[in-house]
Amino acid sequence: MKGTKDFPQCGFSNTVVQILNSLNVPFETINILENEMLRMGLKEYSNWPTFPQLYIEGEFFGGCDITVEAYKNGELQELLEKAMCS
Ligand SMILES: N[C@@H](CCC(=O)N[C@@H](CS)C(=O)NCC(=O)O)C(=O)O
(Lines give C-alpha, C1' and ligand atoms only; values in the text may rest on other atoms or scores of the structure.)
Protein backbone atom coordinates (compact mmCIF):
# COMPACT_ATOMS: atom_id res chain seq x y z
CA MET A 1 0.00 0.00 0.00
CA LYS A 2 1.00 3.62 -0.01
CA GLY A 3 2.01 4.45 3.54
CA THR A 4 1.44 2.17 6.49
CA LYS A 5 -1.63 0.95 8.33
CA ASP A 6 -0.91 3.56 10.98
CA PHE A 7 -0.27 6.30 8.44
CA PRO A 8 -1.88 5.59 5.06
CA GLN A 9 -0.67 8.02 2.40
CA CYS A 10 -3.45 7.58 -0.14
CA GLY A 11 -7.21 7.47 0.16
CA PHE A 12 -7.51 4.08 -1.58
CA SER A 13 -4.98 2.50 0.75
CA ASN A 14 -6.73 4.10 3.70
CA THR A 15 -10.06 2.59 2.64
CA VAL A 16 -8.64 -0.94 2.59
CA VAL A 17 -7.00 -0.42 5.99
CA GLN A 18 -10.31 0.81 7.44
CA ILE A 19 -12.13 -2.25 6.07
CA LEU A 20 -9.56 -4.68 7.51
CA ASN A 21 -9.58 -2.85 10.84
CA SER A 22 -13.37 -2.98 10.97
CA LEU A 23 -13.23 -6.76 10.41
CA ASN A 24 -10.75 -7.12 13.25
CA VAL A 25 -8.38 -9.36 11.32
CA PRO A 26 -4.61 -9.43 11.75
CA PHE A 27 -2.73 -7.94 8.80
CA GLU A 28 0.59 -6.46 7.85
CA THR A 29 1.32 -3.67 5.42
CA ILE A 30 4.31 -2.83 3.24
CA ASN A 31 4.91 0.75 2.20
CA ILE A 32 5.75 0.69 -1.49
CA LEU A 33 6.55 4.41 -1.38
CA GLU A 34 9.77 3.47 0.40
CA ASN A 35 10.93 1.02 -2.25
CA GLU A 36 10.68 1.81 -5.94
CA MET A 37 11.87 -1.65 -6.99
CA LEU A 38 9.17 -3.28 -4.91
CA ARG A 39 6.62 -0.88 -6.36
CA MET A 40 7.50 -1.93 -9.90
CA GLY A 41 8.04 -5.59 -9.02
CA LEU A 42 4.67 -6.02 -7.32
CA LYS A 43 2.84 -4.59 -10.31
CA GLU A 44 4.51 -7.19 -12.47
CA TYR A 45 3.99 -10.02 -9.95
CA SER A 46 0.27 -9.37 -9.55
CA ASN A 47 -0.26 -8.07 -13.04
CA TRP A 48 -2.14 -5.20 -11.38
CA PRO A 49 -1.08 -1.61 -12.07
CA THR A 50 -2.06 0.19 -8.90
CA PHE A 51 -1.94 0.19 -5.10
CA PRO A 52 -3.23 -0.84 -2.66
CA GLN A 53 -2.90 -4.54 -3.44
CA LEU A 54 -4.54 -6.89 -0.97
CA TYR A 55 -3.02 -10.36 -0.59
CA ILE A 56 -4.84 -13.08 1.35
CA GLU A 57 -2.69 -16.05 2.31
CA GLY A 58 -0.08 -14.85 -0.16
CA GLU A 59 -2.47 -14.66 -3.08
CA PHE A 60 -3.36 -11.44 -4.78
CA PHE A 61 -7.00 -10.61 -4.08
CA GLY A 62 -7.51 -7.18 -5.59
CA GLY A 63 -7.22 -3.45 -5.24
CA CYS A 64 -9.44 -0.99 -3.40
CA ASP A 65 -12.55 -1.24 -5.59
CA ILE A 66 -12.57 -5.05 -5.53
CA THR A 67 -12.02 -5.08 -1.78
CA VAL A 68 -14.87 -2.63 -1.18
CA GLU A 69 -17.19 -4.67 -3.39
CA ALA A 70 -16.23 -7.95 -1.67
CA TYR A 71 -16.72 -6.31 1.72
CA LYS A 72 -20.18 -5.10 0.76
CA ASN A 73 -21.32 -8.50 -0.53
CA GLY A 74 -19.76 -10.50 2.32
CA GLU A 75 -17.22 -12.38 0.18
CA LEU A 76 -14.27 -10.74 1.93
CA GLN A 77 -15.47 -11.70 5.42
CA GLU A 78 -15.99 -15.28 4.23
CA LEU A 79 -12.52 -15.51 2.70
CA LEU A 80 -10.82 -14.02 5.74
CA GLU A 81 -12.65 -16.33 8.11
CA LYS A 82 -11.50 -19.32 6.05
CA ALA A 83 -7.93 -17.97 5.97
CA MET A 84 -7.87 -17.55 9.73
CA CYS A 85 -9.11 -21.13 10.29
CA SER A 86 -6.58 -22.74 7.97
N1 LIG B 1 -9.22 1.84 -8.70
C2 LIG B 1 -8.01 1.56 -7.97
C3 LIG B 1 -7.58 2.80 -7.21
C4 LIG B 1 -6.12 2.76 -6.80
C5 LIG B 1 -5.29 3.70 -7.64
O6 LIG B 1 -5.77 4.29 -8.63
N7 LIG B 1 -4.02 3.86 -7.23
C8 LIG B 1 -3.13 4.71 -8.00
C9 LIG B 1 -2.97 6.06 -7.33
S10 LIG B 1 -2.74 6.04 -5.59
C11 LIG B 1 -1.77 3.99 -8.12
O12 LIG B 1 -1.41 3.15 -7.30
N13 LIG B 1 -1.05 4.30 -9.21
C14 LIG B 1 0.17 3.61 -9.53
C15 LIG B 1 1.35 4.06 -8.76
O16 LIG B 1 1.27 5.09 -8.04
O17 LIG B 1 2.41 3.43 -8.84
C18 LIG B 1 -8.26 0.40 -6.99
O19 LIG B 1 -9.35 -0.15 -7.01
O20 LIG B 1 -7.38 0.04 -6.20
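As the structure is a computational prediction, the values presented were derived from the model and not from experiment.

### Thoughts on the pairing of strand β2 (residues 59-62)
In step 1: Here strand β1 (residues 54-56) runs beside β2; their pairing, made up of three bridges, is antiparallel. Bridge pairing links Ile56 to Glu59 in β2.
In step 2: Taken together, β1 and the strand that follows it, β2, pair antiparallel across an intervening segment of two residues, in which Glu57 is found at a positive phi of about 50°.

### Things to note about the packing of helix α1 (residues 11-22) against helix α3 (residues 64-73)
In step 1: Interaxial distance between α1 and α3 falls to 9 Å at its minimum, and their mutual angle equals 30°. Regarding the angle of α1 to α3, the classification is roughly parallel. Pair α1 / α3 crosses with left-handed handedness. Note on element contacts: α3 touches α1 through Cys64, Thr67, Val68 and Tyr71, opposite Phe12, Thr15, Val16, Ile19 and Ser22.
In step 2: Its residues placed into classes, the contact of α1 with α3 shows six nonpolar, three polar and no charged.

Calculation criteria
- Residues numbered from 1 in each chain as written.
- Predicted model: local features only at pLDDT ≥ 70, side-chain atom pairs only at ≥ 80, totals over all residues.
- Heavy atoms only, no water.
- Pairing = 2+ DSSP bridges.
- Helix = DSSP H or I, 4+ residues; strand = E, 2+ residues; numbered from the N terminus.
- Axes fitted to C-alpha atoms, helices over the stretch in contact; angles between N-to-C directions.
- Parallel < 35°, antiparallel > 145°, perpendicular 65-115°, else oblique.
- Left-handed = near helix turned anticlockwise from the far one by under 90°.
- Contact = heavy atoms within 4.5 Å.
- Nonpolar A, V, L, I, M, F, W, Y, C, P; charged D, E, K, R; others polar.

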